[in-house]
Amino acid sequence: MNLTEPQSLPEQEAQVLQVWGRASLQGHVKISGAKNSALAIMAGTLLCPQACRIRNLPSLVDVTRMSEVLSALGVQLERDGDILDVNAGDIGNGSAPYELVSRLRASFFVIGPLLARLGVAHVPLPGGCAIGARPVDLHVRGLQAMGAEVRIEHGMVQADVRGRGGKLQGGKIYLDYPSVGATETLIMAATLAEGETQIENAAQEPEVVDLAHFCRAMGAKIRGAGTNTILISGVERLHAVDYSIIPDRIEAGTLLVAGAITHSELSLSPVVPEHISPVIAKLRAIGVKIIAETPDHLRVIPGALRATDIETLPYPGFPTDLQAQFMALLSLSEGNSLITETVFENRLRHVAELNRMGANIRVKGRHAIVHGVPMLSGAPVVATDLRASAALVLAGLAAEGKTTLQGLSHLDRGYENLESKLRQLGGNLQRVTPEAKEREDSPSGVAQ
Ligand code: EPZ
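Being a predicted model, the structure only gives us computed values, none of them experimental. (Residues numbered from 1 in each chain as written. Predicted model: local features only at pLDDT ≥ 70, side-chain atom pairs only at ≥ 80, totals over all residues. Heavy atoms only, no water.)

1. Side note on the environment of Thr 262
(1) Moving on: Along the chain, the position of Thr 262 falls in the loop between helix 9 (249-261) and strand 14 (266-269).
(2) Moving on: The exposure class of Thr 262 is buried, given its relative accessible area of 7%.
(3) Moving on: Ignoring any residue separated from it by four or fewer positions in sequence, one finds Thr 262 in contact with Ala 23, Leu 25, Leu 397 and Ala 398.
(4) Moving on: Here the side chain of Thr 262 touches Ser 264 through a polar contact of 2.7 Å, side chain to side chain. (Helix = DSSP H or I, 4+ residues; strand = E, 2+ residues; numbered from the N terminus. Buried < 20%, exposed > 50% of the residue type's maximum accessible area, 1.4 Å probe, protein only. Contact = heavy atoms within 4.5 Å. Polar contact = N/O pair within 3.5 Å; in protein donor to acceptor, adjacent residues only side chain to side chain.)

Here it is, written out as structure tokens:
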């Protein structure tokens, strides 16, 4: 496996990102392949005994970690730029190693394909993270409804269908919550099950649809992806595929906010506008113009920012993964905005960091009341999760003075070169190691 991928190395862990404020950005930025499609589709390659080619793969720490998990399962991988060649023809015993799975929650998605391919899967229970407990009960209950015997012992999920004829059975599954991961796990499991599986109250996210398209391209029989009811008729085996991943709607939304918060005109592509229609609607409500120049090309034209309310919901509602970025924007929008986070129980931790930069935000349970201020001031801040780190970078670009962001491992997990993309647009950001930073800030140092 090609290891020259972004790794979150110890010295990188210690690095900080310096962001100089009052930035004015301009130009065009390319959107990378969708992280949350890439991770699910990489797990999906385990379903196929032949070679698969995946294109438009983003270079992210999370993608590298998923590659390590697949490699440990016996999958052959070869990476060349944004192309990944995968061959899961000869996968081992279906046991994913704890030390790798514990570093990437999404690697739990391998449980469905392993069970479908081998009839057995031993996958460590993924830990919680900063934004919530992240249980997997919906994944487990769905697999049990398909005939799997599932035991959770010593932090390991042991799933097995060998005692029941060796194959998963199609079944009718109702998800208490339209969980993205559970929907993806069950779609993958059902592709090789016996009979028909119906998933009700399924997640409708574009990444779920992308995974379904990938599986169909391998010969799976799936209908209804993108609606709340998905039907999968099991087939004997799947075949090779050459598949390109959709653009990352969350990165696109993040960069639209970058334009809005710095009062800069930017264009970005490729993007699928209907994947971010709630985001575009909210930006327009805030006072920003969004123009679709071509079917996959958006332009943001800044305007005076005014308050609006946001409630995160499963797709097609407003995405939780853009809540923090919009909070940064609304902290500079005139008036009071109410932001409600309904998807994760602990995804408002960036409020304290934004307040350190002069924002005026109060948290009450799942609600954040944002009272817009005329200006933020640069400050040392800490990223608490992947999307909060992006929100703090955006706030730093708009603030007066310099912001120093710690916790860059979060940023590297989910954004392909966000810093270099923002620098290319005219942003003034640089990653330094603290000792170098101290030297630079010292009187003798040459401060920027
Ligand atoms: C996916 O996480 C994404 N990750 C998340 O993106 C995204 O925020 C989330 O979907 C919601 O859109 C990947 O695709 C790799 P869920 P997932 O299952 O699948 C509860 C990012 O920043 N739940 O839809 O874990 C859960 O606790 C990341 O890119 C159960 O109760 O999300 C949460 O409250 C963050 N039991 C809610 O459902 C379960 O078995 C939504 O979770 C599963 C989930």
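We are not done yet, so read on.
2. Quick look at the sheet that holds strand 18 (residues 336-341)
(1) Moving on: The mixed open sheet is built from four strands, whose spatial order is 17-18-20-19. The sheet is open, and its two edges are formed by strand 17 (310-312) and strand 19 (361-364), each paired on a single side. Direction aside, neighbouring strands of the sheet carry axes that sit 15 degrees apart on average.
(2) Moving on: Sheet topology places strand 17 next to strand 18; three bridges connect them, and they run parallel. Bridge assignment links Thr 312 to a residue of strand 18, and that residue is Glu 341.
(3) Moving on: Sitting on the sheet, helix 11 (residues 323-330) is in contact with strand 17, strand 18, strand 19 and strand 20 (367-371), with an inclination near 170 degrees to strand 18. (Pairing = 2+ DSSP bridges. Axes fitted to C-alpha atoms, helices over the stretch in contact; angles between N-to-C directions.)

3. A look at the site of the ligand
(1) Moving on: Around the ligand sit 22 residues, and of these Asp 137, Leu 138, Ser 179, Asp 321 and Val 343 come closest.
(2) Moving on: Taking Ser 179, its side chain carries an N or O atom lying 2.7 Å from an oxygen atom of the ligand.
(3) Moving on: In this structure, Val 343 approaches the ligand through a main-chain N or O atom, which is 2.6 Å from an oxygen atom.
(4) Moving on: Considering the ligand on its own, with 820 Å² of exposed area, one finds that the protein chains cover 88% of that surface.
(5) Moving on: Within the residue set of the shell around the ligand, elements represented by two or more residues are helix 2 (35-44), helix 6 (137-145), helix 7 (180-191) and helix 13 (386-398).
(6) Moving on: Ranked by residues supplied to the shell around the ligand, first place goes to helix 6 with three residues.
(7) Moving on: Split into classes, the residues belonging to the shell around the ligand amount to ten nonpolar, five polar and seven charged. (Near = heavy atom within 4 Å. Areas by Shrake-Rupley, 256 points an atom, 1.4 Å probe, with all protein chains shown as cover. Nonpolar A, V, L, I, M, F, W, Y, C, P; charged D, E, K, R; others polar.)

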